[in-house]
Each structure stands twice: as structure tokens, then as C-alpha cells.
Amino acid sequence: MVTRIKEILIEAGKVVMNNLKQKLKLICLLCLLGGFASSAYAQCEAKNEAFLPGEEVSYDLFFNWRFVWTKAGLATLSFDETIYKGKPAYKIDLIAAGNKTADFFFKLRDTLTSVVSHKLEPIYFRKGAIEGKRYWVDEAFFTHKDGVSYVTQKRLDHRGNTHYFEHNDSRCIHDMLSILARARSFDPTTFKVGHRISFPMTTGKRVEEQYLVYRGKEEFRAEDKNIYKCLLFSFVERKDGKDVEVITFYITDDKNHLPVRLDLFLNFGSAKAFLKEVKGNRYPLTSIKK
């Protein structure tokens, strides 16, 4: 009987951590919530007004299951300079890793890298993932011509097989990290509560429409003991014709548009990501309440 109960708990934990893993992927959208000028835009070029190379943001991840909060791991998001095919560019890295407690249920080691031009055009994306007992690699190669975005996606699956997928769109197609590099420079001050945003994004095999909803403003006390004035957005999915909330983001209401908190809604509980430390931010954090 005890053995069976343990098996049930382990299986439930695997489902929970798998859901958490899916939501952690969305950390790469953290700064997307800085806002968009409109739900559709024809070209990929934009001016970077939000970050400088050397910026790094780290988070503590916590999971709640049956009223018990447990630290589940860490995530780090960084921006740097690089050279890609002989040209200067920005490199964005996201690393998410579960701790030993989380590994008991589901092993998670995700490393994502995105390369964008100095005009914030998507160029290249790679995700290497260890999730459970599986390992695979997704890559995306972007080109832009005559107002059309083209992307070739390459997947090396856990069996060692390689698959290719091609897509194009009149709007700018982004990966999970390049979208945040662009969106952080937009001004959300014209948004009204309920404002809905859509954008196309690569997902490994497809290009899918993603949605965000602006929820208004709120204050939040972070792990660094500071109180931040924040903009709230929800990432939602459409299921059976209805919006299903996946994540609520708390974003600093200043020029940095840094996420200080995420509330993640899972099938068997909930999870939160809290800002642990930020360094190399381009502007003063004027959103901190004195």
C-alpha cells in the first residue's frame, strides 16, 4: 500500500513538473510585457531602447502542491554582444534548471539562445533541453525579404531523428527570446485594461499565434525587499473558444520593463518566480517605491 501511494505521488509529481516546465519556457516572454505598438507590424527592424549588453536577471522558482511551497529551481536571463557570421549582434540566453528536490519528480535542464541583429531582427534560435529522460534540440533560422518573414525550423528529437519545418508571415516571426528583445522597447502607456495583443512565434514545429491581455497596475514586494510599481499582463491560451489564463506577469513600470514576479497556473497546483537579483540594467529602477 505504501509503495503504491509513493508511485501515485511520483506520477503526480511528474505531471506537475512537466506543466511547470512548459510554463518555464514562457519565462523567455518575461519582458514581452513591456508592450506592443499594435497587434501586427510589417517589419522586424526596431531600435533598442531598453537593454545594454551585460544585463543579467536571476529568479528563484517555487512550486505549490497541496498547500506546501517548495523551492523548485533557478532561472537566469542575460543579454550580451556577439559576432554572428561576421556581423555584430546581440545574444540572449535563458537557463532554467530544477534543483534536487524537483529532480525527484522531473529533471529539467533547458538552455535557450537567441541571436538578433542590432536592429533587433531575429537571426538564429537554439534550445537544448533535458526534460525527464529525454534530450532534444530545436533550432530556427530566420530571413527577411520584401516585408515577409521566413523561418526554417530544425528539430533533433530524442531518438536522434532530424525534422525540418518552414513557415512565412507578413508580420515579423519571433522565437521565444527575440520577442522580448523587441518588445521591451515599446511604450505601453496607451494601453487600457483588457487590451489584447497577438503575435506569431516559433514553437519548435509550428508558428503559432500567442496572446497577452493587459490587466492594469499593482504594487509588489519582491525578494530583494523592494516594493515595485508594476504593470500586470496575463498570458492566455484559447481552449474550446475560451481564454485560459496560463501566467500573470508583474513588470516594472519604468523604462527597463523588468519582470519581478510571475504567477503560473498548473493542473495540479501553482508556481511562482520571484526576482532574486538584477545587474547591468540600462536605466535606474524608478519603479521602486520609496
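This text follows the structure it describes.
Residues numbered from 1 in each chain as written. Predicted model: local features only at pLDDT ≥ 70, side-chain atom pairs only at ≥ 80, totals over all residues. Heavy atoms only, no water.

**Student:** Break down the overall build of the protein for me, citing the residues and quoting the values.
**Tutor:** Tallying secondary structure elements over the protein gives three helices and 14 strands in all. Looking at the protein residue by residue over its 290 residues, the buried ones come to 50%. Contacts in the protein between residues at least 24 apart in sequence constitute 52% of all its contacts with a sequence separation of at least 6. If you sum the accessible surface of the protein, you get close to 14,300 Å²; carbon and sulfur atoms cover 52% of it. (Helix = DSSP H or I, 4+ residues; strand = E, 2+ residues; numbered from the N terminus. Buried < 20%, exposed > 50% of the residue type's maximum accessible area, 1.4 Å probe, protein only. Contact = heavy atoms within 4.5 Å. Areas by Shrake-Rupley, 256 points an atom, 1.4 Å probe, with all protein chains shown as cover.)

**Student:** Help me get a handle on the nonpolar core, residues and values and all.
**Tutor:** Membership of the largest hydrophobic core comes to 41 residues, with the highest contact counts inside it found for L77, L120, F125, L177 and I247. Once residues within four sequence positions are removed from consideration, L120 is found in contact with C44, A46, K47, N48, F51, Y90, H174, A181 and R182. (Core = buried A, V, L, I, M, F, W, Y, C linked by side-chain atoms within 4.5 Å.)

**Student:** Requested: an account of the side chain of E139, with residues and values cited.
**Tutor:** Within the secondary structure layout, E139 lies in strand β6 (residues 134-145). Residue E139 is classed as buried on the basis of its relative accessible area, which comes to 17%. Here Y124 takes part through its side chain, which lies 2.5 Å from a polar atom of the side chain of E139. Sequence-distant contacts of E139, that is, excluding residues within four places in its chain, are made with Y124, F125, R126, T152, Q153 and K154. (Polar contact = N/O pair within 3.5 Å; in protein donor to acceptor, adjacent residues only side chain to side chain.)

**Student:** Please set out the pairing of strand β9 (residues 196-202) residue by residue, giving values where relevant.
**Tutor:** Most of β9 is tucked away, with six of its seven residues classed as buried. Pairing of β9 with strand β10 (residues 207-221), which is carried by seven bridges, proceeds in the antiparallel orientation. Among the inter-strand pairings, P200 is bridged to a residue of β10, identified as E209. Here β9 folds back onto β10 in antiparallel fashion, the turn holding four residues, of which G204 has a positive phi close to 105 degrees. (Pairing = 2+ DSSP bridges.)

**Student:** Any chance you could break down the pattern of salt bridges for me, citing the residues and the numbers?
**Tutor:** With the rule as written, the count across this model stands at 15 salt bridges. Residue E56 is joined to K279 by a salt bridge in which the shortest nitrogen-to-oxygen separation is 4.0 Å. Of this pair, E56 sits in strand β1 (residues 56-65) while K279 is found in strand β14 (residues 269-279), placing the two residues 223 residues apart along the sequence. The partly exposed category is assigned to K279, whose relative accessible area is 43%. (Salt bridge = Lys/Arg side-chain N within 4 Å of Asp/Glu carboxyl O.)

**Student:** I'd love a proper account of unusual backbone geometry, names of residues and values included.
**Tutor:** Positive phi, normally seen in glycine, also occurs at L120, with a value near 65 degrees. Tracing the sequence through the fold places L120 in the loop between β4 (108-117) and β5 (122-131). Taking the relative accessible area as the measure of exposure, L120 reaches 0% and is therefore buried. In the Ramachandran plot, D146 falls in the positive-phi region, its phi being about 50 degrees despite a non-glycine side chain. If you trace the backbone, D146 turns up in the loop between β6 and β7 (148-156).

**Student:** Outline the packing of aromatic side chains, supporting the account with residue identities and numerical values.
**Tutor:** Applying the stated criterion to the full structure yields ten aromatic pairs. Arranged with centres 5.1 Å apart and planes meeting at 50 degrees, the rings of Y214 and F233 form a pair that is tilted. Remark: F233 occurs in strand β11 (residues 227-239) and Y214 occurs in strand β10; sequence separation between them is 19 residues. On the basis of relative accessible area, Y214 is assigned to the buried category, the value being 6%. (Phe/Tyr/Trp six-rings, centres within 6.5 Å; stacked < 30°, edge-to-face > 60°.)

**Student:** Can you tell me about the pairing of β10, naming the residues and giving the values?
**Tutor:** In terms of strand pairing, β10 meets β11 through ten bridges, oriented antiparallel. The residue bridging L212 from the neighbouring strand is F235, located in β11. Turn length for the β10-β11 hairpin, with the two strands adjacent in sequence and antiparallel, is five residues, and the turn residue K225 shows positive phi of about 75 degrees.

**Student:** Please provide a residue-by-residue account of the environment of Y228, values included.
**Tutor:** Among the secondary structure elements, Y228 is positioned in strand β11. When neighbours within four sequence positions are excluded, Y228 is seen to be in contact with E218, E219, F220, A222, T252, V260, L275, L285, S287 and I288. A distance of 2.6 Å separates a polar atom in the side chain of Y228 from a polar atom in the side chain of D224.

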